[in-house]
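The primary structure of each chain is shown beneath.
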Amino acid sequence: MKKILLAATVSALVLLGGCSTTSPDTIQRGDAQRLSQVQDATVLTVRSVKVDGSQSGVGAAAGGVVGAIAGSSVGGRRDGQVVGVLGAVAGAVVGNAIERSTTAEEALEIILQLRNGERRSVVQAKGSEVFNPGDAVILVTTGNKTRVSRAPAVQAPGKP
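1. Brief notes about the overall build of the chain
So, point 1. Check the secondary structure of the chain and you find 3 helices and 5 strands.
So, point 2. When the helices and strands of the chain are placed in sequence order, the string is α-β-α-α-β-β-β-β.
So, point 3. Evaluated residue by residue, the chain yields a buried proportion of 28% over its 160 residues.
So, point 4. Across the chain, contacts joining residues at least 24 apart in sequence account for 67% of those joining residues at least 6 apart.
So, point 5. Accessible surface, the chain: about 10500 Å² in total, of which carbon and sulfur atoms supply 58%.

2. Some remarks on the sheet that holds strand β2 (residues 105–114)
So, point 1. One open sheet accounts for 5 strands, arranged β3-β2-β1-β4-β5; its pairing is antiparallel. In this open sheet, the two edge strands, each paired with only one partner strand, are β3 (119–125) and β5 (145–150). For this sheet, the mean angle separating the axes of adjacent strands, direction not counted, is 45 degrees.
So, point 2. In this structure, strand β1 (residues 37–51) lies alongside β2, joined through 10 bridges in antiparallel fashion.

3. Examining a nonpolar patch on the surface
So, point 1. Together, V85, V89 and V93 give the surface a local cluster of nonpolar side chains, amounting to about 280 Å² of exposed area.
So, point 2. Secondary-structure assignment places V93 in helix α3 (residues 77–103).
So, point 3. By relative accessible area, V93 is classed as exposed at 56%.

4. A look at the environment of V94
So, point 1. Looking at where V94 falls in the secondary structure, it is placed in helix α3.
So, point 2. Given the relative accessible area of 49%, V94 is considered partly exposed.
So, point 3. A C-alpha to C-alpha distance of 9.7 Å links V94 and A62, two positions 32 residues apart in sequence.

5. Considering the pairing of β3
So, point 1. Strand direction decides the pairing type here: β2 and β3, joined by 7 bridges, are antiparallel. The residue bridging L112 from the neighbouring strand is R120, located in β3.

6. Some thoughts on the pattern of salt bridges
So, point 1. As enumerated under the stated definition, the model contains 4 salt bridges in all.
So, point 2. The partner of D40 in a salt bridge is R115, and the shortest N-O contact between them spans 3.5 Å. Note that D40 is positioned in strand β1 and R115 in the loop between β2 and β3, a separation of 75 residues in sequence.
So, point 3. D40 sits in the partly exposed class, given a relative accessible area of 35%.
So, point 4. Judged by its relative accessible area of 71%, R115 falls in the exposed class.

7. Quick look at the environment of E109
So, point 1. For E109, the position within the fold is in strand β2.
So, point 2. The exposure class of E109 is buried, given its relative accessible area of 18%.
So, point 3. Remark: the alpha-carbon pair of E109 and K126, spanning 17 residues in sequence, is separated by 9.6 Å.
So, point 4. Setting aside anything within four residues of it in sequence, one finds E109 in contact with T45, V46, R47, V49, S121, V122 and V123.
So, point 5. One polar contact links E109 to R47, side chain to side chain, over a distance of 2.5 Å.
So, point 6. Engagement of the side chain of E109 in a polar contact is seen with the side chain of S121, the distance being 3.5 Å.

Cut-offs and rules
Residues numbered from 1 in each chain as written. Predicted model: local features only at pLDDT ≥ 70, side-chain atom pairs only at ≥ 80, totals over all residues. Heavy atoms only, no water. Helix = DSSP H or I, 4+ residues; strand = E, 2+ residues; numbered from the N terminus. Buried < 20%, exposed > 50% of the residue type's maximum accessible area, 1.4 Å probe, protein only. Contact = heavy atoms within 4.5 Å. Areas by Shrake-Rupley, 256 points an atom, 1.4 Å probe, with all protein chains shown as cover. Pairing = 2+ DSSP bridges. Axes fitted to C-alpha atoms, helices over the stretch in contact; angles between N-to-C directions. Patch = residues over 30% accessible without salt bridge, like charges linked within 9 Å, V, L, I, M, F, W, Y side chains within 5 Å. Salt bridge = Lys/Arg side-chain N within 4 Å of Asp/Glu carboxyl O. Polar contact = N/O pair within 3.5 Å; in protein donor to acceptor, adjacent residues only side chain to side chain.

Encoded structure:
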């Protein structure tokens, strides 16, 4: 029974870690069908960065449960209680570290120059688009979130 609970807890932790994304290719449900502000810009520089993983407490809680169960099965009743508490603490630390590492993301820091001369920096998860200095891009701002996307090709008026 303890092995089944341990496997279920670890599986839940892994699944929850994979649920979060900040990909510019994924739009949040609440942002769909909302009017967004669009600005033209030019890419000045692009560099790879890593966005630190989250610490929601789910990893620590799951790790604590797993550690407590594993530790309580050691030795007799009194030894099992002591080792169970130590296992819970160690499991919480390990679970927190696992959550942080599984939710960390590779990202880009894109420095841009707007048409009015102002400069901006946007950090976003790596998506399907590749950006290089000099590229024409647009900044799409919805609420308090901004993402960078390639500028669409402009057609002359009156041409389909």
